[in-house]
Amino acid sequence: MNKDDIEFTKAWWLRTVNDNDRLVPWLQKLQRTELSGYQDHIDFMAANEVTERERLILTNIAEDELIHSQLLIDLFEDRGIEVVPNGVQSAYWDDILANINNTAEYCAANYFGEALASYRFEIILSMDETPSDIRYVIGRALPDEIFHRETLQRLAGEEAIAKIKAIHDEAYARLTGRAA
C-alpha cells in the first residue's frame, strides 16, 4: 500500500467512523463479505480439484472467515445493529472472481482481497478515532488476515499473482473511485 492509498483509507475511515449512516452499512457489508468468503472457499473446493494441502489451507481460511463473521454479529448485537443477510455485493469480488481459471488464480484473487483487508485493518487499528469495540473485532481478525494474505500468496505463485494483479488494480481503482 502506497502513501496515497494510506491517506485515502484514513480519510475514508474518518468519514465512515464518524457517520453512523456510513459505518453501519460498512460493518454489515464487512460481515457479509466475511461470511461469503467462507462460502466461496467451500464452494470452490466442492467444484474444483484441489490438492489435500490446498484443501486443508482453504478450509482453515474458510473457518477463520466464519469466526470473523461471528465476531461482527456479536458486535452488532452489542450495538443494536441488524444482521442483513443480503445487500450490495462487492463489485470488486465480481470483477476478480470472474477472471479465475484454476486454483492458483483463485488463491491469487483471494491474496489480493486479503491484502486489501489486512492493510485497511492495520490503518483502522492505528487510528485513535476507532471505537474500542470495533478495535477489538479488527484486532482479533487482523492476524488471521495477514496469515491468509501470506499463505495465499505462496499458494498462488508468481505467475498467477502477476495475471490477477492487473485485474485487481483495475477493480481497486474503480472501488476507490480513482479509475482512469
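Cut-offs and rules
Residues numbered from 1 in each chain as written. Predicted model: local features only at pLDDT ≥ 70, side-chain atom pairs only at ≥ 80, totals over all residues. Heavy atoms only, no water. Helix = DSSP H or I, 4+ residues; strand = E, 2+ residues; numbered from the N terminus. Rg over C-alpha atoms; globule rule 2.2 N^0.38 Å. 1 Å grid on protein atoms, 1.4 Å probe; cavity = no way out; pocket = protein on both sides within 12 Å on 5 of 7 lines; lining within 4 Å. Points joined across faces, edges and corners; volume = space filled by probe spheres on them. Axes fitted to C-alpha atoms, helices over the stretch in contact; angles between N-to-C directions. Parallel < 35°, antiparallel > 145°, perpendicular 65-115°, else oblique. Left-handed = near helix turned anticlockwise from the far one by under 90°. Contact = heavy atoms within 4.5 Å. Nonpolar A, V, L, I, M, F, W, Y, C, P; charged D, E, K, R; others polar. Phe/Tyr/Trp six-rings, centres within 6.5 Å; stacked < 30°, edge-to-face > 60°. Buried < 20%, exposed > 50% of the residue type's maximum accessible area, 1.4 Å probe, protein only. Lys NZ or Arg CZ within 6 Å of the ring centre and 35° of its normal.

S.K.: How should the overall build of the chain be read in this particular structure?
M.R.: A count of helices and strands for the chain gives six helices and zero strands. Listed by position from the N terminus, the elements making up the chain come as α-α-α-α-α-α. For the chain, the C-alpha radius of gyration of 16 Å lies close to 16 Å, the compact-globule estimate for 180 residues. Over its C-alpha atoms, taken along the principal directions, the chain stretches across nearly 45 × 35 × 25 Å.

S.K.: Please explain the layout of surface pockets as it appears in this structure.
M.R.: Considered as a void within the structure, the second largest pocket measures approximately 250 Å³ in volume. Taken together, M1, D5, Y111, F112, A115, L116, Y119, I161, K165, H168, D169 and Y172 form the lining of the second largest pocket. Among the secondary structure elements, those contributing two or more residues to the lining of the second largest pocket are α5 (103-126) and α6 (132-175).

S.K.: How do you make sense of the packing of helix α2 (residues 20-47) against α5 when you look at a structure like this?
M.R.: When two helices pack together, their arrangement is captured by the angle between the axes and the distance separating the axes. α5 packs onto α2 with a crossing angle of 155 degrees between their chain directions and a minimal axis gap of 13 Å. Judged on the interaxial angle alone, α5 and α2 are roughly antiparallel. By crossing handedness, the relation of α2 to α5 is classed as left-handed. Across the interface between the two elements, W26, L30, E34, D40, H41 and F44 of α2 pack against T103, Y106, N110, R120, F121 and I124 of α5. Broken down by class, the residue content of the contact of α2 with α5 amounts to six nonpolar, three polar and three charged.

S.K.: Before we go on, may I ask you to explain the packing of aromatic side chains in this structure?
M.R.: Each aromatic ring pair is characterised by the separation of its centres together with the angle its planes make. Counted under the stated rule, the structure contains five aromatic pairs. Taking 5.5 Å as the distance between ring centres and 45 degrees as the angle between the ring planes, the aromatic pair formed by W12 and W13 counts as tilted. Measuring from centroid to centroid gives 4.8 Å for Y111 and F112, while their planes differ by 65 degrees, and the two rings are edge-to-face. By relative accessible area, which is 7% here, F112 ends up buried. Among the aromatic residues, those joined into a cluster by ring pairs are W12, W13 and W26. The residue whose ring lies beneath R120 is W12, and the NZ or CZ to ring-centre distance is 4.1 Å.

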